[in-house]
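Each chain, letter by letter, is given below.
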Amino acid sequence: MKKSLPLICPSCNTKLNVKSLSCGNCETIVSGNFDLPLLSNLNNDEQKFIIDFVKCSGSLKEMASKLGFSYPTVRNMLDDIIAKIKTTEKELKHSENGNKTI
Amino acid sequence: METKLFNPFVYVAGLKALLLGLASILIAASISIFSGVHFDGAMDAHVGLSSGFRVYLLENVIDWAVTVIIFYLLRLAVSSSSIRFIDILGTFALARYPSILSSLLGFFPFTKFYFANPSSVLLMAMAFIMLLATTWTVVLIFNAYKISCNIKGVGLICTFVIGVMASEILSKTFILWIYQHLKL
């Protein structure tokens, strides 16, 4: 079963951070408080779209023929992802500023 | 199937849609020579006097061109998304393909009954089929606008309503002006 990375706290709905990371080889554990990368805020389909887009060298035409959709449909998908990234960036900046004031 | 009928632009846009759309316009104009169906407004069609191919073609092209210009200008007001003009041209041309169905209506015998007896049930039937074809075209234009211009939400609904009304009024006025001033 493929597990998806939880992003939001089920208790208080706040964005989750990474508390610890472990090495699969020697089982070393690194503890701290790390932010999740920006792209992890996107869902699996959106992440796959970005990976495919990079693989297509950023060509929307190639993406359109690969996905079987028209050019404007693919461009609209990309616009939606861009809008989501911008919103997430703003939220992260906002929460960073909030932490600094505290 | 539903998407292909009402929103083919998910799969087809740009030059391919433009060529298919222009082919639809040519077919509809050619059928109209024999059926007498005029497209004297961006969204509607009527059975009228028989005219030459140039008249029917011009009506269809004006309907398409006026719609494209109006919606392109409206899009500038509400969307900053980078779009291709060829997608607007293509999707709006393809959105006119139900006009092939409308152009066939002139062949049905009830259109002759309509002129003889305007209050008949056949008139209702004809009006209903015309209404279906018009609604189909409006739905296609809505989806063409939504996809080619990438507009969503309230802005989409408001500009679409304004666009439909403006296209209908301007295309009708322009076609009427051409009837009066040009010898076709």
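What counts, and at which threshold
Residues numbered from 1 in each chain as written. Chains lettered and ligands numbered in written order. Predicted model: local features only at pLDDT ≥ 70, side-chain atom pairs only at ≥ 80, totals over all residues. Heavy atoms only, no water. Helix = DSSP H or I, 4+ residues; strand = E, 2+ residues; numbered from the N terminus. Rg over C-alpha atoms; globule rule 2.2 N^0.38 Å. Contact = heavy atoms within 4.5 Å. Areas by Shrake-Rupley, 256 points an atom, 1.4 Å probe, with all protein chains shown as cover. Lys, Arg positive; Asp, Glu negative; His and termini not counted. Charge placed at Lys NZ, Arg CZ, Asp CG, Glu CD. pLDDT = per-residue confidence, 0-100. Pairing = 2+ DSSP bridges. Patch = residues over 30% accessible without salt bridge, like charges linked within 9 Å, V, L, I, M, F, W, Y side chains within 5 Å. Salt bridge = Lys/Arg side-chain N within 4 Å of Asp/Glu carboxyl O. Core = buried A, V, L, I, M, F, W, Y, C linked by side-chain atoms within 4.5 Å. Buried < 20%, exposed > 50% of the residue type's maximum accessible area, 1.4 Å probe, protein only. Buried area = accessible area lost by both parts, 1.4 Å probe. Polar contact = N/O pair within 3.5 Å; in protein donor to acceptor, adjacent residues only side chain to side chain. Axes fitted to C-alpha atoms, helices over the stretch in contact; angles between N-to-C directions. Left-handed = near helix turned anticlockwise from the far one by under 90°. Nonpolar A, V, L, I, M, F, W, Y, C, P; charged D, E, K, R; others polar.

### Quick notes on the overall build of chain B
Alright, step 1. Tallying secondary structure elements over chain B gives 8 helices and 2 strands in all.
Alright, step 2. The N-to-C order of helical and strand elements in chain B reads α-α-β-β-α-α-α-α-α-α.
Alright, step 3. A compact globule built from 184 residues should have a C-alpha radius of gyration of about 16 Å, and chain B, at 17 Å, falls within 12% of that.
Alright, step 4. Once the C-alpha set of chain B is aligned to its principal axes, its extents read approximately 55 × 40 × 30 Å.
Alright, step 5. Nonlocal contacts in chain B, meaning residues at least 24 apart in sequence, comprise 75% of its contacts between residues at least 6 apart.
Alright, step 6. For chain B, the exposed surface amounts to about 9200 Å²; the carbon and sulfur share of it is 77%.
Alright, step 7. Measuring between centres, the 11 positive side-chain charges of chain B sit 7 Å from its 7 negative side-chain charges.

### Some details on the confidence of the model for chain B
All names here are of chain B.
Alright, step 1. Overall, the prediction assigns chain B a mean pLDDT of 89, with 92% of residues at 70 or greater.
Alright, step 2. Ranking the helices and strands of chain B by mean pLDDT puts helix H4 (residues 85-94) first, with 96, and helix H6 (residues 110-116) last, with 59.
Alright, step 3. Across the whole predicted complex the pTM is 0.85, and at the interface the ipTM reaches 0.84.

### Focus: the pairing of strand E1 (residues 18-22) of chain A
Alright, step 1. With 4 bridges connecting them, E1(A) and strand E2 (residues 29-34) of chain A associate as antiparallel partners. Paired with A:Ser20 across the bridge in E2(A) is A:Ser31.

### Some points on a nonpolar patch on the surface
Alright, step 1. Together, B:Phe34, B:Leu104, B:Phe107 and B:Phe108 line one region of the surface with nonpolar side chains, adding up to about 420 Å² of accessible area.
Alright, step 2. Along the chain, the position of B:Phe34 falls in helix H2 (residues 14-35).

### Brief notes about the side chain of A:Thr73
Alright, step 1. Within the secondary structure, A:Thr73 sits in helix H3 (residues 71-101).
Alright, step 2. Non-local contacts of A:Thr73, meaning those with residues more than four positions away in its chain, are made with B:Phe9, B:Val10 and B:Ile147.

### A short note on the nonpolar core
Alright, step 1. One finds B:Phe9, B:Trp64, B:Phe71, B:Phe92, B:Ile141 and B:Tyr145 to be the most contacted residues of the largest nonpolar core, which totals 35 residues.
Alright, step 2. Going through the elements one at a time, H2, helix H3 (53-78), H4, helix H7 (121-149) and helix H8 (153-181) of chain B are the ones with two or more residues in this core.
Alright, step 3. Sequence-distant contacts of B:Ile141, defined by excluding residues within four places in its chain, comprise B:Met43, B:Thr67, B:Phe71, B:Phe92, B:Ala95 and B:Phe160.
Alright, step 4. Counting residues in hydrophobic clusters, the runner-up holds 12 residues, among them A:Phe53, A:Leu60, A:Ile81 and A:Ile85.

### Topic: the interface of chain A and chain B
Alright, step 1. In this complex, chain A contributes 11 residues to the contact, which on the side of chain B involves 15 residues.
Alright, step 2. Carbon and sulfur atoms make up 47% of the surface buried where chain A meets chain B, a total of about 920 Å² over both sides.
Alright, step 3. The tally of links between chain A and chain B comes to 1 salt bridge.
Alright, step 4. A salt bridge links A:Asp80 to B:Lys152; its shortest N-O distance comes to 2.9 Å.
Alright, step 5. Across the contact surface, chain A and chain B share 9 residue pairs in polar contact (both at pLDDT 80 or more).

### Digging into the environment of A:Val30
All names here are of chain A.
Alright, step 1. With respect to the helices and strands, Val30 occurs in strand E2.
Alright, step 2. Along the sequence, Val30 and Leu7 sit 23 residues apart, while their C-alpha atoms lie 20 Å from each other.
Alright, step 3. Discounting chain neighbours no more than four positions away, the residues touching Val30 are Lys19, Ser20 and Leu21.

### Overview of the packing of H2(B) against H4(B)
Residue and element names in this part refer to chain B.
Alright, step 1. Orientation of H2 relative to H4, taken along the N-to-C sense of each, is 35°, at an axis distance of 7 Å. For H2 against H4, the interelement crossing comes out left-handed. On H4, the residues that touch Gly14, Leu15, Ala17, Leu18, Leu20, Gly21 and Leu22 of H2 are Ile86, Asp87, Leu89, Gly90, Thr91, Ala93 and Leu94.
Alright, step 2. Tallied by class, the residues present in the contact of H2 with H4 amount to 9 nonpolar, 4 polar and 1 charged.

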